[in-house]
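# Observations on the three-dimensional arrangement
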Amino acid sequence: MESGGLSDSYGGYRAQLLERLRSNGTTDMAVLRAFAETPRHLFVPEAFRNRAYDDVSLPIGNGQTISQPSTQARYLEALQLEGRERVLEVGTGSGYQAALLCKLADEVVSVERVPELAEQARSALARAGAKEVTVVVGDGTLGWAPRAPYEGIVVAAASPEVPQPLVRSQELYRVRREGDDLVEEVLGPAQFVRLVGRHGFPAESDAEAQC
Ligand code: SAH
């Protein structure tokens, strides 16, 4: 595979990275193409440009790192994206993975908790021409409700457990009375705040009191 039409002086290094990913077992052509078409050197600090296409994680400031490409390839393959999805990434970091995701999905929302990194990632994404990515600053363990639901979610940092807001899904129901029966019909996914009350959820303070 060629380096996807990117005209810069890093094509040879990108080709070597692709070889490395293939020999590590990446077979998904769309994932390999995403790596071929994404300029990783734009997402690493100047001082590390010469190592931008090595299969290693590198420091990006604020004590964080850009992840190792072969690890990213594993979870990009695991997502099995077809191109029409809206995807949430938790942990924007450098923005590189968001750029890869935007080649594989229709829309990417990426949440980063460190404002400086989010700002840096936004400019790198703009330079790389990744327009379909929205970077927001916040706690990604809460998800990002304004664009939910997502067809795929990547958590790019270690977590003690699966953050519940990321997997909690809601459905809109229609309930009809038919004679003595109630017939429930699922109308599709939805996103509501909680119904608080005696026959709904306890208020937050009640819930805490129970713990
Ligand atoms: N995907 C990135 C690498 C991620 S490193 C890349 O391609 O470069 C993990 C990132 O997760 C760090 O930037 C860290 O600040 C961020 N992070 C950690 N906890 C977070 C949280 N709760 N919400 C959002 N981002 C978080």
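What this report covers is the structure whose coordinates are included nearby. (Residues numbered from 1 in each chain as written. Predicted model: local features only at pLDDT ≥ 70, side-chain atom pairs only at ≥ 80, totals over all residues. Heavy atoms only, no water.)

## Notes on the overall build of the protein
Our working definition: Note on conventions: DSSP H or I runs of at least 4 residues are helices, E runs of at least 2 residues are strands, and numbering of each starts at the N terminus. Here, two residues are considered to be in contact whenever any of their heavy atoms come within 4.5 Å of each other. Computed by Shrake-Rupley with a 1.4 Å probe, the accessible areas treat only the displayed protein chains as cover when residues are assessed. Two residue types count as positive, namely Lys and Arg, and two as negative, namely Asp and Glu; His and chain ends fall outside the count. To locate a charge, take NZ of a lysine, CZ of an arginine, CG of an aspartate or CD of a glutamate.
Each helix and strand in the protein was counted, giving seven helices and eight strands. Taken along its principal axes, the extent of the C-alpha atoms in the protein is 70 × 35 × 30 Å. Sequence-distant contacts, at least 24 apart, represent 54% of the contacts inside the protein between residues at least 6 apart. Of the roughly 12,600 Å² of accessible surface on the protein, a fraction of 49% belongs to carbon and sulfur atoms. On the protein, the mean spot of the 22 positive side-chain charges and the mean spot of the 30 negative ones are 3 Å from each other.

## Here's the deal with the site of the ligand
The test is simple: We define proximity as follows: a residue is near a molecule or strand when any one of its heavy atoms falls within 4 Å of that partner. Contacts described as polar in this section are N or O atom pairs within 3.5 Å, which, within protein, must combine one atom able to donate a hydrogen with one able to accept it, while residues neighboring in sequence count only if both atoms come from side chains.
Inspection of the region around the ligand gives 22 residues, with Q72, S94, E112, D139 and G140 positioned closest. For the ligand, a nitrogen atom lies 3.2 Å from a polar atom in the backbone of G91. Protein contacts shield 90% of the accessible area of the ligand, which totals 590 Å² for the unbound molecule. Of all the secondary structure elements, the ones that give two or more residues to the shell around the ligand are β2 (64–66), α4 (96–104) and β4 (107–112).

## Remarks on the side chain of R14
When you line up the elements, R14 lands in helix α1 (residues 11–23). A distance of 3.4 Å separates a polar atom in the side chain of R14 from the backbone oxygen of A36.

## Observations regarding the pattern of salt bridges
Threshold: By definition, a salt bridge exists where a carboxyl oxygen of Asp or Glu is found within 4 Å of a side-chain nitrogen of Lys or Arg. The buried label applies to any residue whose accessible area, calculated with a 1.4 Å probe on protein chains only, is under 20% of its type's maximum; exposed applies above 50%, and partly exposed to all values in between.
Enumeration according to the criterion identifies eleven salt bridges in this entry. As a salt-bridge pair, R14 and D8 come within 3.0 Å of each other at their nearest N and O atoms. Given the relative accessible area of 29%, D8 is considered partly exposed. The partner of R84 in a salt bridge is E82, with the nearest N and O atoms 3.2 Å apart. One network of salt bridges, in which partners are shared, links R86, E107 and R147.

## Some thoughts on α4
By the criterion of burial, α4 is predominantly enclosed, with eight of the nine residues buried. Buried within α4 we find Y96, Q97, A98, A99, L100, L101, C102 and L104.

## Points about the nonpolar core
Formally: Only buried Ala, Val, Leu, Ile, Met, Phe, Trp, Tyr and Cys residues count toward a nonpolar core, and they belong to the same one when joined by side-chain atoms within 4.5 Å.
Membership of the largest hydrophobic core comes to 39 residues, with the highest contact counts inside it found for F35, F43, L125 and V133. Ranked by residues supplied to this core, first place goes to α4 with seven residues. Not counting residues within four places of it along the chain, the set of residues in contact with F35 comprises R14, L17, L18, L21, P69, Q72, A73, L76, Y96 and L100. Of all hydrophobic cores here, the second largest spans seven residues; its members include V90, V111, V136 and Y150.

## Things to note about helix α2 (residues 29–37)
Among the residues making up α2, those that are buried are V31, L32, A34, F35 and A36. A side-chain oxygen of the first residue of α2 lies 2.9 Å from the backbone nitrogen of A30; this N-cap is D28.

## Details of the pairing of β4
On a regular strand, one side chain projects to one face of the sheet and the next to the other, so that they alternate. Note the following rule: At least two DSSP bridges between two strands are required for those strands to pair. For crossovers, right-handed means that the path from the first strand over the helix to the second runs clockwise, given strands pointing away from the viewer.
Buried residues dominate β4, accounting for six of its six residues. Side chains E107, V109 and V111 project from β4 onto one buried face, and the interleaved V108, S110 and E112 project onto a second face that is buried too. Relative to β4, strand β3 (residues 86–90) is paired through five bridges, and the arrangement is parallel. Note that in β4 the partner of V90 across the bridge is V111. Handedness of the crossover is the feature at issue here: the chain leaves β3, passes through α4, returns alongside β4, and the resulting connection is right-handed. As defined by bridge partners, β4 adjoins strand β5 (residues 133–137) across five bridges and the pair is classed as parallel. When the bridges of β5 are listed, V109 appears paired with T134. Each parallel crossover has a hand, and for β4 linked through helix α5 (residues 115–127) to β5 it is right-handed.

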